[in-house]
Protein chains: 2
Amino acid sequence: MKRVEYPAAIKALIAQLKRMPGIGPRSAERIALWLVLSRDARPGEIAAAISESARISACPRCGFFAEESSLCEICRDESRTPEVLCVVEQPTDILPLERTGMFRGTYHSLGGRISPLDHIGPENLRIEALLERMKIEAPKEVILALGGDVEGEATSNYLAELLEPFPATLTRIAQGLPAGTGLESADELTLSRALSGRTKMAKPN
Amino acid sequence: MKRVEYPAAIKALIAQLKRMPGIGPRSAERIALWLVLSRDARPGEIAAAISESARISACPRCGFFAEESSLCEICRDESRTPEVLCVVEQPTDILPLERTGMFRGTYHSLGGRISPLDHIGPENLRIEALLERMKIEAPKEVILALGGDVEGEATSNYLAELLEPFPATLTRIAQGLPAGTGLESADELTLSRALSGRTKMAKPN
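Just so we're clear, the structure is a prediction, and the values are computed from it rather than from any experiment.

## Details of the interface of chain B and chain A
You'll often see interface size given as the accessible area lost when the parts meet. Each side of the interface is counted separately: chain B has 52 residues, and chain A has 51 residues. Carbon and sulfur atoms make up 72% of the area that chain B and chain A hide from each other, which totals about 4,900 Å². For the pair chain B and chain A, the number of links is two salt bridges. Linking B:Arg19 and A:Glu45 is a salt bridge whose minimum nitrogen-to-oxygen distance equals 3.9 Å. Here chain B and chain A share eight residue pairs in polar contact (both at pLDDT 80 or more) between them. Among the secondary structure elements, those contributing two or more residues to the side of chain B that touches chain A are α1 (8-18), α2 (25-37), α3 (43-52), β2 (65-67), α4 (73-76) and α5 (94-99) of chain B.

What follows is the structure, encoded as structure tokens:
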């Protein structure tokens with residue numbers, strides 16, 4: 001006896017949805033049935049938005065999101081100074097830095113960090129492009145704003161060595177106690193970094 | 001100072017993904033970035049599968065999934081008897097029943113159940129179509145396979161009254177102890193239904 005199943009179009013839809021991160025077989029089935037059954041689903045709009053995403057590419061200069069291979073919004077902004085270059089892991093790391101409103105230089109996204117376990121070596125990152133920019137733009141300061149985990153540290157150290165021949169001052173963002181938390185919730189590594197990174201306080205007038 | 005944000009195409013994509021059931025703002029952003037950044041994403045394939053889902057419609061006879069408004073796989077199967085008609089709430093309820101391999105009749109999906117809280121009354125369900133089938137197909141038995149919750153019960157009772165004038169025998173699926181569980185995990189209502197639905201055991205030879 002032939003077993004009754006979903007029509008091929010639903011099975012294909014479930015298989016495609018299941019590929020998306022965080023979507024398991026159950027969620028994929030739920031979304032697929034919603035797309036097919038719900039009057040509010042308007043699958044055409046969702047499909048169009050997904051197709052449109054192919055127009056997004058990495059900014060050829062800094063690696064942030066740009067549309068149709070043109071320079072990104074940040075690189076097009078002529079009020080920003082190329083004298084300070086901030087290196088980040090992912091293009092998504094640029095948004096939280098921008099939200100601080102404190103940085104008016106330019107960025108360089110590496111597209112990841114060195115991680116032997118994930119088979120990501122320096123050659124898989126946008127490091128060649130960074131060296132190229134160092135030569136052409138000759139920034140006065142390079143800020144390393146990579147993660148505080150093992151891979152971020154390793155990548156920072158690798159870059160520090162690589163950028164040593166350039167005249168730019170090399171800095172890295174501070175590691176220490178997060179705002180709004182007490183010492184009791186900080187782990188030892190964070191506290192030891194907060195200690196060694198201590199800064200001199202101005203004397204009260 | 002103008003705040004840097006995602007390009008419009010990414011923002012539109014996040015907004016569309018967020019409409020899908022079970023997808024919150026965080027998951028939507030994660031999926032959107034995956035679609036844009038990952039080499040494995042192949043967004044065109046996902047968009048195509050979603051577009052294709054518009055081709056799925058309800059079988060005009062039983063309400064199960066069918067392609068391009070034709071009869072569904074079950075209704076096209078001539079080896080199935082129209083003498084037994086099994087009424088379910090949703091087209092998705094048909095698959096688990098089919099998996100039992102025990103039913104060779106036809107189905108009728110109501111497309112929901114009576115639920116005043118959700119503003120779903122009998123007029124929103126495929127009840128007219130069911131009465132039409134009762135007249136034309138004149139099944140000998142109608143099995144009500146609706147849910148065991150309050151709305152399912154209410155819908156079953158409503159249908160029982162409505163189908164009373166027809167000569168068909170009206171049955172409903174049994175409620176009782178789920179397979180593989182002990183009495184200690186059954187709630188009172190399940191147990192009381194299991195008790196009142198008790199069946200006579202054959203005497204051992």
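Don't stop here, the text continues.
## Comments concerning the pattern of salt bridges
All names here are of chain B. The tally for this structure, following the rule as stated, stands at 32 salt bridges over all chains. Of the charged contacts, one joins Arg55 and Glu67 as a salt bridge, the two residues approaching to 2.8 Å between their closest N and O atoms. Of this pair, Arg55 sits in the loop between α3 and β1 (56-58) while Glu67 sits in strand β2; the two residues are 12 residues apart in sequence, bridging distant segments of the chain. With a relative accessible area of 28%, Arg55 lands in the partly exposed category. Judged by its relative accessible area of 25%, Glu67 falls in the partly exposed class. Residue Arg133 is joined to Glu137 by a salt bridge in which the shortest nitrogen-to-oxygen separation is 2.9 Å.

The rules behind these values
- Every chain begins its residue count from 1, and numbering advances along the sequence as written.
- The order in which chains are written sets their letters, starting at A; the order in which ligands are written sets their numbers, starting at 1.
- This being a predicted model, a pLDDT of at least 70 is required before a residue's local features are given, and a value of 80 or more before pairs of side-chain atoms are given or counted; all residues contribute to the totals for chains, interfaces and linings.
- The basis for every side-chain value is the complete set of heavy atoms in the structure, and neither hydrogens nor water enter the calculation.
- In this description, contact between two residues means that some pair of their heavy atoms is separated by no more than 4.5 Å.
- Defined in terms of a 1.4 Å probe, buried area is the accessible area two parts forfeit on being brought together, summed over both.
- Should a side-chain nitrogen of Lys or Arg be within 4 Å of a carboxyl oxygen of Asp or Glu, the pair is scored as a salt bridge.
- Here a polar contact is taken to be a pair of N or O atoms separated by no more than 3.5 Å, where protein atoms must pair a possible hydrogen donor with a possible acceptor and residues adjacent in sequence count only if both atoms sit in side chains.
- In this description a helix means any DSSP run of H or I spanning at least four residues, a strand means any run of E spanning at least two, and both kinds are numbered starting from the N terminus.
- Think of it in three bands: with a 1.4 Å probe and only protein chains considered, a residue is buried below 20% of the maximum accessible area for its type, exposed above 50%, and partly exposed in between.

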